[in-house]
Amino acid sequence: MDDIKANFNSVEERVLSACKRAGRDRSEVTLIAVSKTKPIEMLQEAYEAGARDYGENKVQELTAKMPVLPNDISWHMIGHLQRNKVKYIAEGISLIHSVDSYRLAEEINIQAKKAKRRIPILIEVNVAGEDTKFGVALDETLQLCKEISELDGVEIKGLMTIAPYTPDPESNRPYFRQLKQLSIDIANEKIDNVSMDILSMGMTGDFEVAIEEGSTMVRVGTGIFGERNYGTTA
Ligand SMILES: *Cc1c(COP(=O)(O)O)cnc(C)c1O
């Protein structure tokens, strides 16, 4: 049995140390507990440990979990989002991290208007250029931000990336640095309706390096909830 409270506290301490090393204030970094595949009871344990931001990658899981957990939680959509499912999360989602096309942003815009709100989004960037990953290329990101900025139901708040899976977090440092630089370049363009306040980067294996490189949101699943079991009986 995973001790979620102990795990959460230890991740929290590592976040704090990374902030200190980088000369950053702890309040600059949001720790998102990535609870995908995990049951409600485990989310409740994390809540008791202090987690208030949760990340999910499936709409069905979000719609099942959101109504039954306390309403001071911020819910983050971090997985690939299909346009026909945006409507189910438009009302309650705090931030959609995974926008990588104008067409998806357009649908979010429509559903945001129906829900009478503006929906904060991040642009997902495939920094390492892995062809197994979603996300836009580095050199297409500025153009996409400009196009999406015209949609007044969405607010671009920054960038997100999923770095390659690696046993050596140092090998992802250049990717984090590139995403940070891109966010500075885009901020300098001063586009209406586009801010670069949020940089969502860093997961269980590499969140400390990501914080050192300027991350403002780390997405930690395994480190808090333990390994995920996707199998049926395994
Ligand atoms: C699953 C997932 C995470 C968490 O991964 P861990 O390695 O378990 O921390 C973070 N971000 C995204 C987009 C994910 O899908």
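Now for a description of the structure that goes with this document. (Residues numbered from 1 in each chain as written. Predicted model: local features only at pLDDT ≥ 70, side-chain atom pairs only at ≥ 80, totals over all residues. Heavy atoms only, no water.)

To continue, consider the packing of helix 1 (residues 4-21) against helix 2 (residues 40-49). Helix 2 packs onto helix 1 with a crossing angle of 50° between their chain directions and a minimal axis gap of 9 Å. Between helix 1 and helix 2, the crossing angle belongs to the class labelled oblique. Here helix 1 and helix 2 pass one another in a crossing that is right-handed. Contact with helix 1, carried on its side by Ile4, Lys5, Phe8 and Asn9, involves Met42, Glu45, Ala46 and Ala49 of helix 2 and no other residues of that element. (Axes fitted to C-alpha atoms, helices over the stretch in contact; angles between N-to-C directions. Helix = DSSP H or I, 4+ residues; strand = E, 2+ residues; numbered from the N terminus. Parallel < 35°, antiparallel > 145°, perpendicular 65-115°, else oblique. Left-handed = near helix turned anticlockwise from the far one by under 90°. Contact = heavy atoms within 4.5 Å.)

One pass over the full model with this rule turns up 16 salt bridges. Glu212 serves as the salt-bridge partner of Arg173, at 2.7 Å between the closest nitrogen and oxygen. A residue pair is termed long-range when its members are at least 10 positions apart, and Arg173 in helix 7 (residues 173-188) and Glu212 in helix 8 (residues 207-212) qualify at 39 residues. Residue classification places Arg173 among the buried residues on the basis of a relative accessible area of 16%. (Salt bridge = Lys/Arg side-chain N within 4 Å of Asp/Glu carboxyl O. Buried < 20%, exposed > 50% of the residue type's maximum accessible area, 1.4 Å probe, protein only.)

Attention now goes to the side chain of Ser98. With respect to the helices and strands, Ser98 occurs in strand 4 (residues 95-99). Looking at Ser98, its side chain comes within polar contact range of the main-chain oxygen of Gly79, at 2.6 Å. Each residue touching Ser98, except ones within four places of it in the same chain, is listed here: Met77, Ile78, Gly79, His80, Leu81, Leu104, Leu122 and Glu124. (Polar contact = N/O pair within 3.5 Å; in protein donor to acceptor, adjacent residues only side chain to side chain.)

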